[in-house]
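Chain and residue survey
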Amino acid sequence: MIRLASIVLLVVGLLLCLAGCGQQGSGGSAQGGSGTKQSCDIKNPPLFKKGVLTVATDRPAYPPWFEGSPEHYSGFEGEVANEVAKRMDLPITWVVEPFNKSYAPGAKDYDFDINEITITPERERAVDFSEGYFDDAQGVLTLKDSQFADAKTISDLKDAKFGAQVGTTSLEFINQIVKPNEEPKVYDTTNDAKSALESGQIDAMVTDLVTTVYLRDFEIKNSVVVGQYPKNEQFGMLFQQGNPLVGCVNQVLGEMKEDGTLQKLKEKYLQQYLSVPTLKD
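Remember, predicted model here, so these are calculated numbers, not experimental data. (Residues numbered from 1 in each chain as written. Predicted model: local features only at pLDDT ≥ 70, side-chain atom pairs only at ≥ 80, totals over all residues. Heavy atoms only, no water.)

As for empty space enclosed by the protein
- Per the counting criterion, the structure on display carries 1 cavity of 30 Å³ or more.
- Approximately 330 Å³ is the volume found for the largest cavity.
- Secondary-structure elements contributing two or more residues to the lining of the largest cavity are β5 (134-143), α4 (169-178), α5 (190-198) and β8 (204-208).
- In terms of residue count, the dominant contributor to the lining of the largest cavity is β8 (3 residues).
- Among the residues forming the lining of the largest cavity, the class breakdown is 7 nonpolar, 13 polar and 5 charged. (1 Å grid on protein atoms, 1.4 Å probe; cavity = no way out; pocket = protein on both sides within 12 Å on 5 of 7 lines; lining within 4 Å. Points joined across faces, edges and corners; volume = space filled by probe spheres on them. Helix = DSSP H or I, 4+ residues; strand = E, 2+ residues; numbered from the N terminus. Nonpolar A, V, L, I, M, F, W, Y, C, P; charged D, E, K, R; others polar.)

Spelled out as structure tokens, the structure:
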């Protein structure tokens, strides 16, 4: 009898342990990680501040992504965010978030960040993204009198002194695709890289294609876009990891894609920036 009772107690103990372990595991996954699908009630969304959609971006915010003052942003990304807020029946308020801080792990003091942030597996380990809203390519910018102005291939750029903003896929493109003979210069902001190109500290800088063309046309005199390099990258809105609001935003983005609103905004703000020769490998 004592032996039988001991066996029964042992079995019960094992079952309780297994049940406890199972509950701990499911609790961990329920918290959600990057890419976790969570439901979101669009009529009662979880917000950083009640009754308002708080949206972050960097400063300076370059056209054509953003135009006007922070209180009344237009431009492609400004209008995308405004449309999301409108379809959720919410006012919008803008806050500043440096680009290279946005994808760091931890709590966010906004609902989402929209700032030409490429969706990458590495970033998805720390934050969540919406569905992509724009297909990006990298653009190479130099001065007209540079020996690299007429480059047609990636190998033509091997001897160039490059610069790019820290933490960007533009910097990854330089290091992983171009692989220049000299280590690229890394800058805190695109504005710093722009100043370095203008002063001759670097031969070329890399940003997303649209920004590259904008810099050529409006910011850097006597500059030329050498070419673009498509990398199958998409921009997404960035959220604190596990934020269920991503479900509501994806629902709105889906509607904007389906009814043509996203395409109309692209044609209005970006079409003129996309006709650039492609660099060959």
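Quick notes on the packing of helix α2 (residues 75-87) against helix α8 (residues 261-269)
- Between α2 and α8, whose axes approach to 9 Å, the crossing angle comes to 155 degrees. With respect to α8, the axis of α2 lies roughly antiparallel. In this structure, α2 crosses over α8, and the sense of that crossing is right-handed. The segment α2 lies against α8, with G75, F76, E79, V80, E83 and R87 engaging T261, L262, L265, K266 and Y269.
- Taken together, the residues of the contact of α2 with α8 break down into 5 nonpolar, 2 polar and 4 charged. (Axes fitted to C-alpha atoms, helices over the stretch in contact; angles between N-to-C directions. Parallel < 35°, antiparallel > 145°, perpendicular 65-115°, else oblique. Left-handed = near helix turned anticlockwise from the far one by under 90°. Contact = heavy atoms within 4.5 Å.)

Thoughts on unusual backbone geometry
- Omega for the bond connecting R59 with P60 falls within 30 degrees of zero, at 5 degrees, which places this linkage in the cis form.
- As for its position among the elements, P60 is in the loop between β1 (53-57) and α2.
- P63 connects to P64 through a cis peptide bond whose omega is 0 degrees.
- Even without a glycine there, the phi angle at E116 is positive, about 50 degrees.

A few points about the state of the cysteines
- Throughout the structure, instances matching the rule amount to 1 disulfide.
- Through a disulfide, C40 is tied to C248; the S-S separation comes to 1.9 Å. Torsion about the S-S bond of the C40 and C248 cystine: about -95 degrees, corresponding to left-handed handedness. Taken as a pair, C40 in the loop between α1 (2-30) and β1 and C248 in helix α7 (residues 245-258) lie far apart in primary sequence, 208 residues in all. Both residues of the pair, C40 and C248, belong to the buried class. (Disulfide = S-S within 2.5 Å. Buried < 20%, exposed > 50% of the residue type's maximum accessible area, 1.4 Å probe, protein only.)

As for the layout of surface pockets
- Each pocket or cavity is described by its volume, and for the second largest pocket that value is around 150 Å³.
- Counted by class, the lining of the second largest pocket contains 5 nonpolar, 2 polar and 3 charged residues.

With respect to the nonpolar core
- In terms of nonpolar packing, the biggest core is built from 50 residues, with F76, V84, F112, I114, Y133 and M237 touching the most fellow members.
- Listed by contribution, the elements that provide at least two residues to this core are β1, α2, β5, α5, α6 (209-219), β9 (223-235), α7 and α8.
- At 7 residues, α7 tops the list of elements feeding residues into this core.
- Setting aside chain neighbours within four positions, we find I114 in contact with V55, A56, T57, F66, E77, V80, A81, W94, Y133 and M237. (Core = buried A, V, L, I, M, F, W, Y, C linked by side-chain atoms within 4.5 Å.)

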